[in-house]
Amino acid sequence: MTIRVLVAEDQAAVRAALVMILGAEPDLEVVGQAADGEEAVRLALELRPDVVLMDVQMPRLDGVSATGQVVAAGAAQVLVLTTFDLDEYVYGALRAGAAGFLLKDLEADTLVEGIRTVARGDGMLAPSVTRRLIGTFARPGRTVGPEVRESVSGLTPREREVLACIGAGLSNGEIAGRLEMAEGTTKTHVSRILAKLRLRSRVQAAILAQDLGLTI
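Residues numbered from 1 in each chain as written. Predicted model: local features only at pLDDT ≥ 70, side-chain atom pairs only at ≥ 80, totals over all residues. Heavy atoms only, no water.

### A word on the packing of helix α8 (residues 157–167) against helix α11 (residues 202–212)
Move 1: At their nearest, the axes of α8 and α11 sit 7 Å apart, and the two run at 100° to each other. Classified by the angle their axes make, α8 and α11 are roughly perpendicular. Here L163, I166 and G167 of α8 come into contact with α11, specifically with R202, A205, A206, A209 and Q210.
Move 2: For the contact of α8 with α11, the residue count by class is five nonpolar, two polar and one charged. (Axes fitted to C-alpha atoms, helices over the stretch in contact; angles between N-to-C directions. Helix = DSSP H or I, 4+ residues; strand = E, 2+ residues; numbered from the N terminus. Parallel < 35°, antiparallel > 145°, perpendicular 65-115°, else oblique. Contact = heavy atoms within 4.5 Å. Nonpolar A, V, L, I, M, F, W, Y, C, P; charged D, E, K, R; others polar.)

Structure (structure tokens):
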């Protein structure tokens, strides 16, 4: 299956390089290019790509705000790509619903795999920010609001198991193997969990699972 990608990057040379890298992969197709955040949102809504590769620092509308609009509209999964792993960018992107966060100094193979991972419905974080993210957000036993707990109580036992697996960082394939079910079924459970808990991304679900102290 071909993964349709929208590249949003304000620097023309960087954007051209990204398009060249992705275009060399037989399973990836660049369906659009955006030079600013507003254009990224417009094209995402118009083209409905599988993944938007979103730069953080862009004119007219920053990448974090653009990510929030794209995700809220259900237009695509968003993989944020930036030069800096500053906390404000990392946390802002994840709160906005980004499915992943990678740095621009990565190897081409890592970028390509990140897009494939996000397209499958899994999360993708640069290793350099993962530990800091967990230390800041994922604290077992941290206070969770009553509305969230009520939503979690509405999950089926199987959905709670899947949520715990997400919190442990397992991919859909790994969850399917652990719980002995088809990967397609796993993906359905993940989608239902996000809908029931009103979460925008798998990463947010992982953080919540850690906050609740769910274990597998």
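### What to know about the environment of D109
Move 1: Looking at the element boundaries, D109 is found in helix α5 (residues 108–119).
Move 2: On the basis of relative accessible area, D109 is assigned to the exposed category, the value being 63%.
Move 3: Between the C-alpha atom of D109 and that of I21, which follows or precedes it by 88 residues, the distance is 9.0 Å. (Buried < 20%, exposed > 50% of the residue type's maximum accessible area, 1.4 Å probe, protein only.)

### Section: the sheet that holds strand β2 (residues 28–34)
Move 1: Pairing within the open sheet is parallel, and its six strands lie in the order β2-β1-β3-β4-β5-β6. Each end of this open sheet is capped by a strand with a single partner; those strands are β2 and β6 (124–125).
Move 2: Examined bridge by bridge, strand β4 (residues 77–82) and strand β5 (residues 100–103) share four bridges and lie parallel to one another. Its bridge partner lying in β5, L81 is registered against L102.
Move 3: Against the sheet, helix α1 (residues 12–23) engages β1 (3–8), β2, β3 (51–55) and β4, with an angle of about 165° to β2. (Pairing = 2+ DSSP bridges.)

### Looking at the pairing of β1
Move 1: The buried fraction of β1 is high, at five of six residues.
Move 2: Across six bridges, β1 lies against β2 in parallel orientation. Paired with L6 across the strands is G32, a residue of β2.
Move 3: With four bridges joining them, β1 and β3 adopt parallel strand pairing. By the bridge assignment, V7 is partnered in β3 with L53.

### Focus on helix α10 (residues 183–197)
Move 1: Given a rise of 1.5 Å per residue, 15 residues ought to cover 21 Å, and the 21 Å separating the end C-alpha atoms of α10 matches this to within 8%.
Move 2: Of the positions making up α10, those classed as buried are T186, H189, V190, I193, L194 and L197. Buried positions in α10, seen along its axis, are confined to an arc of 135° and lie on one side of it.
Move 3: Looking one or two residues beyond α10, the residue adopting positive phi is R198, at roughly 55°. (Expected span 1.5 Å × (residues − 1). Arc of directions from axis to C-beta.)

### Considerations on the pattern of salt bridges
Move 1: A complete count under the given rule lists 12 salt bridges for this structure.
Move 2: The salt bridge partner of R116 is E25, with a shortest N-O separation of 2.9 Å. Linking R116 in helix α5 with E25 in the loop between α1 and β2, this pair joins segments that are 91 residues apart in sequence.
Move 3: D55 is the partner of K104 in a salt bridge, and the nearest nitrogen-oxygen pair spans 3.2 Å. Here the residue K104 occupies a position in the loop between β5 and α5, and D55 occupies one in strand β3, the gap between them amounting to 49 residues.
Move 4: Salt bridges linked by common partners bring E25, D27, E113, R116 and R120 together as one network. (Salt bridge = Lys/Arg side-chain N within 4 Å of Asp/Glu carboxyl O.)

### Here we look at the packing of helix α2 (residues 37–47) against helix α3 (residues 63–72)
Move 1: The N-to-C vectors of α2 and α3 enclose an angle of 15°; their axes lie 9 Å apart at closest approach. By the criterion of interaxial angle, the relationship of α2 to α3 is roughly parallel. In terms of crossing hand, the pair formed by α2 and α3 is right-handed. Touching G37, V41 and A44 of α2 are A66, Q69 and V70, all from α3. (Left-handed = near helix turned anticlockwise from the far one by under 90°.)

### Considering the environment of L111
Move 1: Following the sequence through the fold, L111 ends up in helix α5.
Move 2: Apart from the residues lying within four places of it in its own chain, the contact partners of L111 are L18, I21, L22, L53, L81 and L106.

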